[in-house]
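Listed below are the residues making up each chain.
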Amino acid sequence: MSHQLEHLRGQVDEINTKLLELLSQRAELVRAIGDVKKKQGINRFDPVRERDMLDQIVGKNPGPFDDDTVRHLFKQIFKASLDLQKQNHKKVLLVSRKRHPEDTVVMVGDEPVGDGKRTIVAGPCSVESEEQVRQVAQSLKKQGIRLLRGGAFKPRTSPYDFQGMGEEGLQMLRKAADEYDLKVISEIVNPSDMEMAERYVDVIQIGARNMQNFELLKAAGSVRRPVFLKRGMSATVEEFLFAAEYIVSRGNTQVMLCERGIRTYEKWTRNTLDISAVPLLKQESHLPVFVDITHSTGRRDIQRPVAKAALAAGADGIMLEVHPDPSVALSDANQQIDIPQFETFMEDMRVTGLIKPAKT
Ligand code: PEP
Ligand code: MN
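Treat the numbers as computed from the prediction; the structure is a model and nothing was measured.

## Regarding the site of ligand 1
Then, number 1: Around ligand 1, the neighbouring residues are Arg 149, Lys 154, Glu 187, Gln 205, Gly 207, Ala 208, Arg 209, Lys 230, Arg 260 and His 295.
Then, number 2: Separating an oxygen atom of ligand 1 from a side-chain N or O atom of Arg 149 is a distance of 2.7 Å.
Then, number 3: The side chain of Arg 260 places a nitrogen or oxygen atom 2.6 Å from an oxygen atom of ligand 1.
Then, number 4: Look at ligand 1: alone it shows 290 Å² of surface, and the protein chains cover 96% of it.
Then, number 5: By residue class, the composition of the shell around ligand 1 is one nonpolar, three polar and six charged.

## Side note on unusual backbone geometry
Then, number 1: Following Gly 63, the chain continues into Pro 64 via a peptide bond in cis, with omega recorded as 10°.
Then, number 2: Relative to the assigned elements, Pro 64 resides in the loop between helix 2 (47-59) and helix 3 (67-91).
Then, number 3: Located in the positive-phi region is Asp 181, a residue other than glycine, with phi close to 55°.
Then, number 4: By the secondary structure assignment, Asp 181 is in the loop between helix 5 (167-179) and strand 5 (183-187).
Then, number 5: Accessibility expressed as a relative area gives 42% for Asp 181, which makes it partly exposed.
Then, number 6: Of note in this structure, Asp 332 is not a glycine but carries a positive phi near 50°.

## So, the coordination of the manganese ion (ligand 2)
Then, number 1: Binding of the manganese ion (ligand 2) to the protein goes through Cys 125 (SG), His 295 (NE2), Glu 321 (OE) and Asp 332 (OD), at separations of 2.0 to 2.4 Å.
Then, number 2: Read N to C, the donor residues that coordinate the manganese ion (ligand 2) are spaced as C-x169-H-x25-E-x10-D. Here His 295, found in helix 10 (residues 293-297), pairs with Asp 332, found in the loop between strand 10 (317-321) and helix 12 (339-351); they are 37 residues apart in sequence, far enough to count as distant. The same class applies to His 295 as to Asp 332, namely buried.

## A short note on the environment of Met 194
Then, number 1: Inspection of the secondary structure puts Met 194 in helix 6 (residues 194-198).
Then, number 2: In this structure, the C-alpha to C-alpha distance between Met 194 and Lys 75, residues 119 residues apart in sequence, is 47 Å.
Then, number 3: Look past the residues within four positions of Met 194 in its chain and what remains in contact with it is Ile 188, Ile 204, Leu 216, Ala 219, Ala 220 and Val 223.

## Thoughts on the sheet that holds strand 10
Then, number 1: Reading around the circumference, 3-4-5-6-7-8-9-10 is the order of the eight strands in this closed barrel, with parallel pairing throughout. The mean inter-strand angle of the sheet, taken between neighbouring strand axes irrespective of direction, is 25°.
Then, number 2: As judged from the three bridges shared by strand 5 and strand 6 (residues 203-206), these two strands associate in the parallel manner. In the strand pairing of strand 6, Ile 185 is matched with Val 203.
Then, number 3: Against the sheet, helix 4 (residues 130-142) contacts strand 3 (119-123) and strand 4 (147-149), and its axis sits at roughly 155° relative to strand 4.
Then, number 4: Across the sheet, helix 5 touches strand 4 and strand 5, and the angle it forms with strand 5 is around 160°.

## Describing the packing of helix 4 against helix 5
Then, number 1: Where helix 4 meets helix 5, the axes come as close as 9 Å, and the angle between the chain directions of the two elements is 35°. In the crossing of helix 4 with helix 5, the sense of the turn from one axis to the other is right-handed. Packed against helix 4, whose contacting residues are Glu 130, Val 133, Arg 134 and Ala 137, the element helix 5 presents Met 172, Leu 173, Lys 175, Ala 176 and Glu 179 at the interface.
Then, number 2: Tallied by class, the residues present in the contact of helix 4 with helix 5 amount to five nonpolar, no polar and four charged.

Rules used throughout
The numbers attached to residues start from 1 for each chain and follow its sequence in the written order. Ligands are numbered from 1 and chains lettered from A, in the order in which they are written. Residue-level local features of this predicted model are given only where pLDDT is at least 70; pairs of side-chain atoms are given and counted only at 80 or more, and the full residue set underlies all totals for whole chains, interfaces and linings. To get the side-chain values, all heavy atoms of the structure are used, and hydrogens and water are removed first. If a single non-hydrogen atom of a residue is within 4 Å of a molecule or strand, that residue counts as near it. Polar contact is the term for a pair of N or O atoms within 3.5 Å; when the atoms are in protein, one must be able to donate a hydrogen and the other to accept it, and sequence-neighboring residues count only if both atoms are side-chain atoms. Only the protein chains shown count as cover for residues, and the accessible areas themselves come from Shrake-Rupley with a 1.4 Å probe. As a working rule, the residues Ala, Val, Leu, Ile, Met, Phe, Trp, Tyr, Cys and Pro are called nonpolar, Asp, Glu, Lys and Arg charged, and the rest polar, with Gly in that last group. A run of H or I in DSSP counts as a helix once it spans at least four residues, and a run of E counts as a strand once it spans at least two, with each numbered from the N terminus. Type-normalised accessible area, obtained with a 1.4 Å probe on protein chains alone, sets the label of each residue: buried when under 20%, exposed when over 50%, and partly exposed for intermediate values. Only nitrogen, oxygen and sulfur atoms qualify as donors, and only when within 2.8 Å of the metal (3.2 Å in the case of Na, K and Ca); with water excluded, sites may look incomplete. Should any heavy atoms of two residues lie within 4.5 Å, those residues are considered in contact. We call two strands paired when DSSP finds no fewer than two bridges between them. Helix axes are fitted to C-alpha atoms over the stretch in contact, other axes to C-alpha atoms as well, and angles between N-to-C directions run from 0 to 180 degrees. Each crossing gets its handedness from the near helix: less than a right angle anticlockwise from the far helix is left-handed, clockwise is right-handed.

Just geometry here; none of it tells us what the structure is for.
Shown next as structure tokens:
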């Protein structure tokens, strides 16, 4: 009895091996067909051909499996072969580490980002006045921080909320930055504003709401300014990388990625910081990775541990919002920190050893 069982199992094992050999041979053929199609510019997935193959197979079904089961099994085989081609496609993305194993160091003027030291980007949510940005710029200078942020075009949920100061806001940022030898980073929401923005900003920010605004991404791919691209609030890591690919494939290789939290059912934070995105992005891509500790949490009390977690997970930098008087801020009043809080924050970061001491 046990001898008979062993014999039957032996036959099943042999068939498994043959099946695997045949499946592998089939995969190689499909790959070759994929290459021919690519050269001819034909779409790889051909539903009519798939239907013909299934009909042919089912027509020859000797049993004991019923036709639906045979169809299901072969559809799985077809899908596995197509997925194989998708993996190959992923390998060739310009933003992929497989394409470019070394870290990309983005140059913001004379300031390198992603070179191993950690970068802080700080400034108000919105530019509100010359004096407001000046105060923040002065505090950044004191901390040895070079990158000043501030929104002049604000993508607000409600059309009745403060929409930002526009070009005038960019002028204010530029003035404050020049006074303290800082670099300006600001969000642009309209492709036609890119040229104007180049006059004032050192880094173009693309916000979460625009991560899949493909015309804006293409426009950012053509400017001679680095781009700070934020993850969409419902975007997968893969979609995020494809968004970056839009910019890089247009010729602008100077892209920084920023994880800023995604939408979940959790209500105690404004968004849910996807900390695993940090090592995933670092692994998958060669671009510098930031974490926005302000919009991801939406609260001040947990920003320090969140910043430490981000840096420990391998982030190249942190973005945070700082306002001279957050209680009267025209946007994000509940989450920005004031200047003394910012100083304490920076002191705490330096204690971790992850942020270098301020140059005085
Ligand atoms: C911002 O950084 O100013 C901002 C609006 O953030 P997000 O696009 O991530 O919501
Ligand atoms: Mn904000």
